[in-house]
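The residues making up each chain are set out below.
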Amino acid sequence: MTTQTDTALEVSDIQAAALMPRPNPYAGTYVAVRIDDRHTGRELLRRLIPLLDPVASFDPQRPVSLGVGFSFSGLEAIGVPPDSLSSFPSEFRQGMAARAAYLGDVGENAPEHWEAPLGSKDLHLVVAALARDTALMEALVMLAQDAIRDLPGVSPIWQLDVHVPPDGREQFGFKDSISEPAVEGTGILGSNPHEAPLKAGEFVLGYEDENGDLPPIPQPEILGRNGTFVAFRKLHQRVAAFRTYLRQNAADDDEQWLAAKFVGRWPSGAPLALAPDKDDPELGADPERNNAFMYGDDPRGLKCPVGAHARRMNARDAAITGEVRLHRMIRRGANYGPSLPPGVLEDDGADRGLMFAFVGAHLGRQFEFVQRQWVNDGKFIGAPAERDPLVGVHDGGQFTIPKRPIRRRLQGLPDFVVNRGGEYCFMPGLRALQWLADPAA
């Protein structure tokens, strides 16, 4: 059990890819690797470590970024001792597939329908490579591939190319990745000036968290300290179904208005809390204003519905059951697949969606709590029968839009987003990676 209580964030030891902002726009790829021989797995780490930047040397103008994370099976495969493995939290040890029913990954979201090898014990190491453009990304991927080449005990088993377009919009057509928390000790300002920075222990292991605690970390300390957890999910988006539902249910309201009520923002990124009646592209494009708001002056949700996607994911100062700051997380999203052309209402059969990644130190009370309670339940907002209208599992659910003189209640919501698979990964600090690469040193 750790005894160190230093509060200064050891930014020279934390992978920059865990905490620091991503370039925008960018191209990238996720590569999953199986390790069949621990010795060649360790050699792979020795080759990858020089390609990784710590937070301390992060340069926002640097055009490339590389991050590395292990699944629990991956830590087993590379030879982490059993007593160290048992010191990891139970959620991580079990893995995302084993916790599917708890998370609400049922029906067509269930692991038996996931894209292989996601959710399997074969997925050991995930390498995320990001760059400002496709050419740079390809060069970075070549470096990662060179690290794997001529290692017979290491096999790439899955790859997904991702991108964020210049307008920053995800596949449904809305500007994404606007709201991010400030983390004490990183020097990065959050996107909402009304939100105080969160304790580093919410996002990095080995530091005080928002409860004022110094939670236990995986042992030995060199392995756990300055690491964090990542939950990644490949989320298929049914864009044609979303557009069709809007067309069929807009009634006297504009389709874009109805879509904004689902999301909590207009397509430009302008929040309903600041632009409740119509889109404001100038506001949406201004990073100093497009997230500078709270919900306390809108308790009934007349501007932004209390059940809207963005408000569920971060209720800010709204009156809800629970403490918002205990469930904040760093969220990363990138598109995959081709965009459906504007106005098309028929599904073309292409696989498109969002590669979502959560970063935080507490899988249980961050990612899992939000997924279980805020996405797939409505008790915390006083609407137990309603789920997140955009990403929730519905099977014909409903969504209420407060409105004067009479509220609108939409029925028969289909599932607009389907989970195609994912995993929990541990993203070690740089010293931990060196220890994993040569535990006898």
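Structure first, text after, so check above.
These numbers were taken from a predicted model, which means no experiment stands behind them. (Residues numbered from 1 in each chain as written. Predicted model: local features only at pLDDT ≥ 70, side-chain atom pairs only at ≥ 80, totals over all residues. Heavy atoms only, no water.)

Trainee: Quick question: what am I supposed to make of the packing of aromatic side chains here?
Mentor: Aromatic rings considered in pairs are described by the distance between their centres and by the relative angle of their planes. One pass over the structure, following the stated rule, counts 19 aromatic pairs. Summarising the aromatic geometry, the rings of Tyr 245 and Phe 416 are spaced 5.8 Å apart at their centres and angled 70 degrees between planes, so their arrangement reads as edge-to-face. Remark: Phe 416 occurs in the loop between β9 (408-413) and β10 (417-427) and Tyr 245 occurs in helix α9 (residues 239-249); sequence separation between them is 171 residues. Like Tyr 245, the residue Phe 416 is buried in the burial classification. Taking 6.2 Å as the distance between ring centres and 65 degrees as the angle between the ring planes, the aromatic pair formed by Phe 262 and Phe 416 counts as edge-to-face. Taken together, the positions of Phe 262 in helix α10 (residues 255-263) and Phe 416 in the loop between β9 and β10 put the pair 154 residues apart, joining distant regions of the chain. Judged by relative accessible area, which is 0%, Phe 262 ranks as buried. Cluster of aromatic residues (ring-pair linked, three or more members): Phe 172, Phe 242, Tyr 245, Phe 262, Phe 399 and Phe 416. One Lys or Arg, Arg 99, reaches over the ring of Tyr 102 and ends 5.0 Å from the middle of that ring. The positively charged end of Arg 316 is found above the aromatic ring belonging to Phe 293, 3.8 Å away from the centroid. (Phe/Tyr/Trp six-rings, centres within 6.5 Å; stacked < 30°, edge-to-face > 60°. Helix = DSSP H or I, 4+ residues; strand = E, 2+ residues; numbered from the N terminus. Buried < 20%, exposed > 50% of the residue type's maximum accessible area, 1.4 Å probe, protein only. Lys NZ or Arg CZ within 6 Å of the ring centre and 35° of its normal.)

Trainee: Explain α10 here, please?
Mentor: Two residues of an α-helix separated by three or four positions point the same way, owing to the 3.6 residues in each turn. Where burial is concerned, most of α10 is hidden: seven out of the nine residues are buried. What α10 keeps buried is the set Trp 257, Leu 258, Ala 259, Ala 260, Lys 261, Phe 262 and Val 263. Buried residues belonging to α10 abut α9, α12 (309-313), β8 (397-401) and β9. Here α10 starts with a cap whose side-chain oxygen sits 2.8 Å from the backbone nitrogen of Gln 256, and that cap is Asp 254. (Contact = heavy atoms within 4.5 Å. Polar contact = N/O pair within 3.5 Å; in protein donor to acceptor, adjacent residues only side chain to side chain.)

Any link to function would need more than the numbers given here.
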